Amino acid sequence: MTILHIDSSITGDNSASRAISRSIVDRLLAADPAAQVIERDLVDQPLSHLTLEALGDSTVADEFLDAQTVVIGAPMYNFTLATQLKAWLDRILIAGKTFRYTADGPEGLAGGRRVIVAIARGGFYNEGSPASALEHLESYLRGVFNFIGIEPEFVAADGLNISPEQRERSVRAALGETVRLAA
Ligand SMILES: Cc1cc2nc3c(=O)[nH]c(=O)nc-3n(C[C@H](O)[C@H](O)[C@H](O)COP(=O)(O)O)c2cc1C
């Protein structure tokens, strides 16, 4: 099995999404020690903004399609995903490769692989909460992966900027959930 591990947090060693995505990869590796892990750190090695020229290069999409499991660390910045992660998505959403338009509408072509997303958010965005209308991270990623034929799985640590105690509770709970994901 090939695991593609992607991180996009700018906060380095303090990053919750990096800690959770790392834990998911560690659990997957414990279950399958022969798995190969490909690391793509979108902060250390950023992809440029999309250009017409970049659209012609399928290296990033091929790396994605070569993986059976993709683990993504996804922090919330300004109510949505990091621009580094958006640049990566811009390289994998390719008509004719990961989706196509048919007479019956769009069809995803990237199914058959697992995508697990480790989300970290400073606030709470549950349905019915005052900020729920501003949740454009999980909802966006779900929509995009559904579009290319994948039902992503999420582990979320929320309320990280509410208090140190809440942060500790949320991260601990999310790290606990990674056990279930790798089972
Ligand atoms: C530049 C910046 C913007 C942020 N914007 C939001 C936001 O809009 N909503 C939110 O709930 N938290 C926001 N946060 C808090 C982060 O989501 C939180 O710190 C989370 O832990 C980030 O993930 P990381 O620890 O992996 O970097 C922001 C943090 C930073 C640094």
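Cut-offs used in this document
Residues numbered from 1 in each chain as written. Predicted model: local features only at pLDDT ≥ 70, side-chain atom pairs only at ≥ 80, totals over all residues. Heavy atoms only, no water. Helix = DSSP H or I, 4+ residues; strand = E, 2+ residues; numbered from the N terminus. Buried < 20%, exposed > 50% of the residue type's maximum accessible area, 1.4 Å probe, protein only. Salt bridge = Lys/Arg side-chain N within 4 Å of Asp/Glu carboxyl O. Near = heavy atom within 4 Å. Polar contact = N/O pair within 3.5 Å; in protein donor to acceptor, adjacent residues only side chain to side chain. Areas by Shrake-Rupley, 256 points an atom, 1.4 Å probe, with all protein chains shown as cover.

J.: Help me understand unusual backbone geometry in this model?
T.: In most cases, non-glycine residues show a negative phi, while peptide bonds are predominantly trans. Of note in this structure, N78 is not a glycine but carries a positive phi near 50°. Secondary-structure assignment places N78 in the loop between β3 (69-75) and α4 (83-92). In this structure, F79 takes a positive phi of about 70° despite not being glycine. Here F79 is to be found in the loop between β3 and α4. When its relative accessible area of 35% is taken as the criterion, F79 is described as partly exposed.

J.: Mind showing me how you'd approach the pattern of salt bridges here?
T.: Think of it this way: side chains of opposite charge can pair up when their charged atoms draw near. In the structure shown here, the tally under the stated rule is 15 salt bridges. Between D41 and R18 there is a salt bridge, and its shortest N-O distance comes to 2.8 Å. Residue D41 is located in strand β2 (residues 36-41), and its partner R18 is located in helix α1 (residues 16-31); the two are separated by 23 residues in the primary sequence. Accessibility expressed as a relative area gives 16% for R18, which makes it buried. Across the salt bridge formed by R22 and E39, the nearest N and O atoms sit 2.9 Å from each other.

J.: How do you make sense of the site of the ligand when you look at a structure like this?
T.: Inspection of the region around the ligand gives 18 residues, with S9, S15, S17, M76 and Y125 positioned closest. One nitrogen or oxygen atom from the side chain of S17 is found 2.6 Å from an oxygen atom belonging to the ligand. One of the backbone N or O atoms of A120 is found 3.5 Å from an oxygen atom in the ligand. For the ligand, the protein covers 79% of the area, taking 620 Å² as the surface of the free molecule.

All quantities given are derived from atomic positions and should not be read as evidence of function.
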